[in-house]
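Given next are the chains, with one letter for each unit.
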Amino acid sequence: MLLPACKVSRQAHRCLYALRSAGKDCHLPLCAARWASSTVPRITTHYTIHPRDKDNRWEGISMERFAEEADVVVVGAGPAGLAAAIRLKQLASEHGKEIRVCLVEKAAQIGAHTLSGACLEPRALNELFPDWKERGAPLHTSVTEDKFGILTKNSRIPVPILPGLPMTNHGNYIVRLGHFVSWLGEQAEALGVEVYPGYAAAEVLFHEDGSVKGIATNDVGIQKDGAPKATFERGLELHAKITVFAEGCHGHLAKQLYNKYNLRQNCQPQTYGIGLKELWLIDEKKWKAGRVEHTVGWPLDRHTYGGSFLYHLDEGEPLVALGFVIGLDYQNPYLNPFKEFQRWKHHPTVQPTLEGGKRIAYGARALNEGGFQSIPKLTFPGGLLIGCSPGFMNVPKIKGTHTAMKSGMLASEAIFNQLTNENLQSKTLGLDVPEYEDNLKKSWVWKELYAVRNIRPSCHGPLGVYGGMIYTGIFYWILRGMEPWTLKHPGTDAKRLKPAKDCTPIEYPKPDGKISFDLLSSVALSGTNHEHDQPAHLTLKDDSVPVNHNLAIYDGPEQRFCPAGVYEYVPVETGDGLRLQINAQNCVHCKTCDIKDPSQNINWVVPEGGGGPAYNGM
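Residues numbered from 1 in each chain as written. Predicted model: local features only at pLDDT ≥ 70, side-chain atom pairs only at ≥ 80, totals over all residues. Heavy atoms only, no water.

Quick look at the overall build of the chain
Scanning the chain from N- to C-terminus turns up 16 helices and 24 strands. Expected size for 618 residues packed as a compact globule is a radius of gyration near 25 Å; at 24 Å, the chain falls within 12% of this value. Judged by the C-alpha coordinates and their principal axes, the chain covers about 70 × 70 × 50 Å. The buried share of the chain, taken over its 618 residues, is 60%. The contacts of the chain with a sequence gap of at least 6 include a subset with a gap of at least 24, amounting to 79%. (Helix = DSSP H or I, 4+ residues; strand = E, 2+ residues; numbered from the N terminus. Rg over C-alpha atoms; globule rule 2.2 N^0.38 Å. Buried < 20%, exposed > 50% of the residue type's maximum accessible area, 1.4 Å probe, protein only. Contact = heavy atoms within 4.5 Å.)

Some points on helix α11 (residues 444–451)
Of all eight residues in α11, six are buried; the element is thus mostly enclosed. Within α11, burial applies to W444, V445, W446, E448, L449 and A451. Residues of α11 that are buried sit in contact with α4 (123–128), α9 (401–419), α10 (434–441) and α12 (465–479). Looking at where α11 begins, the residue whose side-chain oxygen comes 3.2 Å from the main-chain nitrogen of V445 is S443. (Polar contact = N/O pair within 3.5 Å; in protein donor to acceptor, adjacent residues only side chain to side chain.)

Brief notes about the packing of helix α3 (residues 79–94) against α9
Look at α3 against α9: their axes get within 7 Å of each other, and the N-to-C directions meet at 35°. In this structure, α3 meets α9 at a crossing whose hand is right-handed. Across the interface between the two elements, P79, A80, A83, A84, A85, R87, L88, L91 and A92 of α3 pack against T401, A404, M405, G408, M409, S412, E413, I415 and F416 of α9. Residues of the contact of α3 with α9, tallied by class, amount to 13 nonpolar, three polar and two charged. (Axes fitted to C-alpha atoms, helices over the stretch in contact; angles between N-to-C directions. Left-handed = near helix turned anticlockwise from the far one by under 90°. Nonpolar A, V, L, I, M, F, W, Y, C, P; charged D, E, K, R; others polar.)

Digging into the UniProt feature "domain: ETF-QO/FixX C-terminal" (unreviewed entry) in the chain
In the numbering used here, UniProt assigns the "domain: ETF-QO/FixX C-terminal" (unreviewed entry) feature to residues 513–616. Overall, residues 513–616 shows 24% helix and 15% strand. The separation of its end C-alpha atoms is 23 Å. (UniProt positions renumbered as here; feature names shortened; annotations may be inferred.)

Describing the UniProt feature "domain: ETF-QO/FixC ubiquinone-binding" (unreviewed entry) in the chain
UniProt records the feature "domain: ETF-QO/FixC ubiquinone-binding" (unreviewed entry) for residues 272–367 in the present numbering. Strand forms 48% of residues 272–367 and helix 12%; the C-alpha atoms that close the span are 6 Å apart.

Observations concerning the side chain of H46
Positionally, H46 belongs in the loop between α2 (30–35) and β1 (67–75). Reaching out from H46, the side chain makes a polar contact with the side chain of T48 at a distance of 3.0 Å. Ignoring any residue separated from it by four or fewer positions in sequence, one finds H46 in contact with P535, A536, T539, V605 and V606.

Observations concerning the nonpolar core
Counting residues in hydrophobic clusters, the biggest one holds 74 residues, and the most contacted among them are L322, L538, V566, Y567 and I582. The greatest single-element share of this core, amounting to six residues, is contributed by strand β17 (residues 318–327). (Core = buried A, V, L, I, M, F, W, Y, C linked by side-chain atoms within 4.5 Å.)

Remarks on α10
Those residues of α10 that sit buried are Y436, E437 and L440. Along the axis of α10, the buried positions cluster into a sector of 95°, meaning they face one direction only. Looking at the buried positions of α10, the neighbouring elements they touch are β19 (379–380), β20 (383–385), α9 and α11. (Arc of directions from axis to C-beta.)

Thoughts on the packing of aromatic side chains
Scanning all chains against the criterion turns up 17 aromatic pairs. Plain terms: the ring middles of W132 and Y173 are 5.6 Å apart, the flat faces sit at 85° to each other, and that makes the pair edge-to-face. One end of the pair, W132, is in the loop between α4 and β4 (141–142); the other, Y173, is in strand β7 (residues 173–174), with 41 residues separating them in the sequence. A residue is classified by how much of its surface remains accessible, and Y173, at 14% relative accessible area, is buried. Geometrically, the ring pair formed by F338 and Y362 is edge-to-face, given 5.7 Å between the ring centres and 85° between the ring planes. Taken together, the residues F338 in helix α7 (residues 337–344) and Y362 in strand β18 (residues 358–368) connect sequence positions 24 residues apart. Judged by relative accessible area, F338 falls into the buried class, the value being 4%. Residue class for Y362 comes out buried when judged on its relative accessible area of 0%. Through a chain of ring-to-ring contacts, three or more aromatic side chains come together here, namely F206, F245, Y261 and F380. Between K345 and the ring centre of F341, over which it is positioned, the NZ or CZ distance is 5.3 Å. (Phe/Tyr/Trp six-rings, centres within 6.5 Å; stacked < 30°, edge-to-face > 60°. Lys NZ or Arg CZ within 6 Å of the ring centre and 35° of its normal.)

Overview of a nonpolar patch on the surface
On the surface, L162, Y450, L463, I470, I474, W477, I478, L479 and M482 cluster together into a nonpolar patch covering about 850 Å² of accessible area. Take the nonpolar patch: its biggest share by element is five residues, from α12. Looking at the element boundaries, Y450 is found in helix α11. (Patch = residues over 30% accessible without salt bridge, like charges linked within 9 Å, V, L, I, M, F, W, Y side chains within 5 Å. Areas by Shrake-Rupley, 256 points an atom, 1.4 Å probe, with all protein chains shown as cover. Salt bridge = Lys/Arg side-chain N within 4 Å of Asp/Glu carboxyl O.)

Here's the deal with the state of the cysteines
Evaluated as defined, the whole model comprises zero disulfides. Not part of a disulfide, C593 finds its nearest cysteine sulfur in C590, a span of 6.4 Å. By relative accessible area, C593 is classed as buried at 7%. (Disulfide = S-S within 2.5 Å.)

Now the structure itself:
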């Protein structure tokens, strides 16, 4: 069910104007007090914020969980998790060993939460399955044409793609990544991997010695107000010698592990982008299978990192995948990524391709942009991180599937050596596998990410994105990343927003319903669905912060940066003022709110397993 957006009252806008005029240092003037009612309405009911042992409604409820034992548990059935599971079973088969591998995935079907451009570099796939063509891998569209340009408001300036530059796509394939992931799932099951879709890993379990013991899936049968239903059931515990965390970008369990084991102590903060994507069926006369187009520039200014893609797929019908990526280090709280995407489609060089066509799918997902500088420590007692969870995306290439898969394969080779080492003497109950990180640093993944490490942070200079392009042309094309310095990122994305009073509101054109569309009709195309009667999985550490801080200082940026209409400020039921409403059933699991919230008050946790988008080959 999609909930309508509510318009902010004229009175609230007058209050906001008065607040901005009051100056930077006045955090709570009288009008801000009017926004918040004297009693802050409870928004968050999730047990991670309100523990059940302090709630008398849970008295007498059995909290025992059934436990299963495995050798290895993999969390997340994306390219990295599936590649890891497959490689483990391949090695076990080659050496005549029995290794139980269990893989849990929060989506109802494998691939249903997967979203990417996607232009796939097949290097890791060639290593995992040299015979992938014979196995029927869904790589139907080889790249035949590669175009790059800079958009001004009314024109396009072509930029040559010189040999050796990261954007070169010769030898790559345009894919529907969800279909590719589904195919990987079939290969994994054929090898004996136990795949459990619809089971969301909600909790990390630990041994008494502090090492990871495994995971627990989430409980089901909880009312929206946090009380148990008659159908309440505890989740399942999966114990393993080693747990592989492959949750994808900004995994909520990985966040806990970073803190517990201090994994980010020696790296820079991770930075992110948000990618929005649509699939269109277009006029066959405008369709050229294998064409890849990328642009930077309009509608973004030079200090806002981002750009577009438009891929022509060969799927038996004139299908194109198009999308827009915006760096989440943007500074203007009035920027709306979804509306920037819709505006971009009206550019004179883009709109003609779509005219007469039909939009058939929509989705969004956050992606890692920190690169080499932001890779954390990858191993800890009892577990390790692979894929987009730690972040191996090659940002200037706009590709991370090949590096994610290779990280999973390297992890499995190290795990297999540990599991089969008869002389192994582990210091902890959960096995530590430092060999994985050592091998990754010797691999082509490390070399590739090191070479492009300075391209993304070079965009923070006075010339912005165009300075980054100049840097790439001089230092990458000539020196291939061998310059003797490493640039830094300016900090976390959450801290980059400026107060609303220091920024200019952005006026976006209304959607025409043919090329551009409203948000809720777009979310409807994602197939997103959650059980309505459950606690919102978008949790707030403090329910008063959205109004008293985010709305008062930043004009409520969560109602703009969310690409699914989850957050909106609505009038309070009695008296004057506004409150934050969370439409959790709209959530497409992009994680943008957890990343960009300037107060870092939002904590995304998993909903009941099977909830979320139902992407078909996104």
